[in-house]
Amino acid sequence: QAKEQGRDGWRFFSEEIHEQARRRLDITNGLRQAIERNEFQVRFQPILCAQSQIIRGAELLLRWFQSGGEVSPAHFIPIAEMSGSIVPIGKWVFHQACLAERQWRELFGVEAPYVSVNVSARQLNDESLVEEFRRLLDETGADPNRIVLELTETSLMSDVIFNLSVLNQLARLGLRVAVDDFGTGYSSLAQLLRLPLSKLKIDREFVDGLDKRHDSRAIVHAVCSMARAMNLQVIAEGVENASQFGYLRDLGCDYVQGFYFHRPLPPEEFLALLHESSAAGRLASSDDLYAL
Ligand code: C2E
Ligand code: MG
Ligand code: MG
Ligand code: MG
């Protein structure tokens, strides 16, 4: 009897695996058509100056609405990376970032926030990337100085020498580079700092530990002092409460982003927020001119 149960257990297990594989395949196929089917949307999550709480930037986050419902980027991005569809999807995303930058600058001038966009390592291996980004910048009239490319620490470290050359080309276009999820990889700081970086984004894990663990505070403090010495700006992501925010401000973090301030917003809602902030005199004033 035990043997039979074991066998049923095995059959159940293998059906489960089969189901998972089919679901992955559905996603892989679905991603290939998602752009032409208009299934992608973007969200913008405000990035605020820690001192003044003025909105200085926004991170563009991708959303996919498939016939079956919304699929989380944490789930579909890794699949898009494996199958290669991240390359066309990444271009679509960058185009959206250019359009947003242009629109915000037309509406708000020097007060307009910068736009930050996620780029995966797989995209850096695509030899048409630099040319395509250049073309999209030209075509849209977006200001590359106000567009930040977020690359995770892990993906940057996967092939530093190669990435260094691509990132230098992107930096020459005027684009800025931020290290995303900083602190989660096991990188050699010396290697990482050879890259043309403007910003470090401290991973949510450390922000989460701020009001619970002493070592998180020490780490955030060390990152902020190092960044200041290196002329890099520090952004903390995943700020969820006032106590975390208090620590970050006191530890010298430049920018904050998280549900405590705003969730990722649909474009119309983000624009409404900008209009509201501008009317209240709560956007960057010219003396506060961004040093991106
Ligand atoms: P990420 O780049 O580190 O983005 C931050 C994630 O944290 C977002 O999740 C955001 O919604 C979430 N977040 C922000 N504030 C808080 C908070 O206070 N608490 C909590 N619990 N979460 C917060 P999202 O939108 O689900 O994206 C997940 C990841 O998917 C991103 O992590 C990024 O790695 C990837 N991703 C999203 N959009 C794109 C894209 O257009 N291209 C690429 N290559 N990757 C993307
Ligand atoms: Mg990011
Ligand atoms: Mg991140
Ligand atoms: Mg993250």
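Details of the structure are given in the entry above.
Quick caveat: nothing in here was measured; it's all calculated off a predicted structure.

Analysis parameters
- Residues numbered from 1 in each chain as written.
- Chains lettered and ligands numbered in written order.
- Predicted model: local features only at pLDDT ≥ 70, side-chain atom pairs only at ≥ 80, totals over all residues.
- Heavy atoms only, no water.
- Donors = N, O, S within 2.8 Å, 3.2 Å for Na, K, Ca; no water.
- Helix = DSSP H or I, 4+ residues; strand = E, 2+ residues; numbered from the N terminus.
- Buried < 20%, exposed > 50% of the residue type's maximum accessible area, 1.4 Å probe, protein only.
- Core = buried A, V, L, I, M, F, W, Y, C linked by side-chain atoms within 4.5 Å.
- Contact = heavy atoms within 4.5 Å.
- Salt bridge = Lys/Arg side-chain N within 4 Å of Asp/Glu carboxyl O.
- Near = heavy atom within 4 Å.
- Polar contact = N/O pair within 3.5 Å; in protein donor to acceptor, adjacent residues only side chain to side chain.
- Areas by Shrake-Rupley, 256 points an atom, 1.4 Å probe, with all protein chains shown as cover.
- Nonpolar A, V, L, I, M, F, W, Y, C, P; charged D, E, K, R; others polar.

Colleague: Can you tell me about the coordination of the magnesium ion (ligand 3), naming the residues and giving the values?
Modeller: The magnesium ion (ligand 3) binds to the protein through Asp-180 (OD), Asp-181 (OD), Glu-237 (OE) and Glu-237 (OE); the donor distances cover 2.2 to 2.5 Å. When the donor residues of the magnesium ion (ligand 3) are listed from N- to C-terminus, their spacing reads D-D-x55-E. For the pair the magnesium ion (ligand 3) and the magnesium ion (ligand 2), the metal-to-metal distance amounts to 3.9 Å, and Asp-180 bridges them. Highlighted residues: Asp-181 in strand S6 (residues 176–182) and Glu-237 in strand S8 (residues 233–237), separated in sequence by 56 residues. Note on Asp-181: relative accessible area 23%, which makes it partly exposed. Judged by its relative accessible area of 11%, Glu-237 falls in the buried class.

Colleague: I'd like to hear about the nonpolar core, residue by residue, with values.
Modeller: By size, the foremost hydrophobic cluster in this structure holds 81 residues, and its most contacted members are Phe-94, Trp-104, Ile-147, Leu-149 and Leu-170. When residues in this core are grouped by element, the largest group, ten residues, is from helix H3 (residues 86–108). Beyond its immediate sequence surroundings of up to four residues, Phe-94 is in contact with Val-117, Phe-133, Leu-136, Leu-137, Ile-147, Leu-149 and Leu-175. Within the second largest apolar cluster, six residues are counted, among which are Ile-47, Tyr-114, Val-148 and Tyr-255.

Colleague: Describe the pattern of salt bridges, and please don't skip the residues or the numbers.
Modeller: Summed over all chains, the structure comprises 13 salt bridges. A salt bridge links Glu-131 to Arg-134; its shortest N-O distance comes to 3.2 Å. You can see Glu-131 and its partner Arg-134 sitting in helix H5 (residues 129–140), three residues apart, about one turn around the helix. Arg-134 sits in the partly exposed class, given a relative accessible area of 35%. Where Glu-132 meets Arg-135, a salt bridge forms, and the shortest distance between an N and an O atom there is 3.2 Å.

Colleague: Which residues make up the site of ligand 1, and what values go with them?
Modeller: In the vicinity of ligand 1 there are 22 residues, among which Arg-63, Asn-118, Arg-204, Glu-240 and Phe-259 approach most closely. One of the side-chain N or O atoms of Asp-180 is found 2.9 Å from an oxygen atom in ligand 1. Notes on ligand 1: free accessible area 810 Å², of which the protein chains cover 83%. Of all the secondary structure elements, the ones that give two or more residues to the shell around ligand 1 are strand S2 (55–66), helix H2 (73–83), H3 and S6. Among the elements that line the shell around ligand 1, the one with the most residues is S2, at four residues. A per-class count over the shell around ligand 1 returns nine nonpolar, five polar and eight charged.

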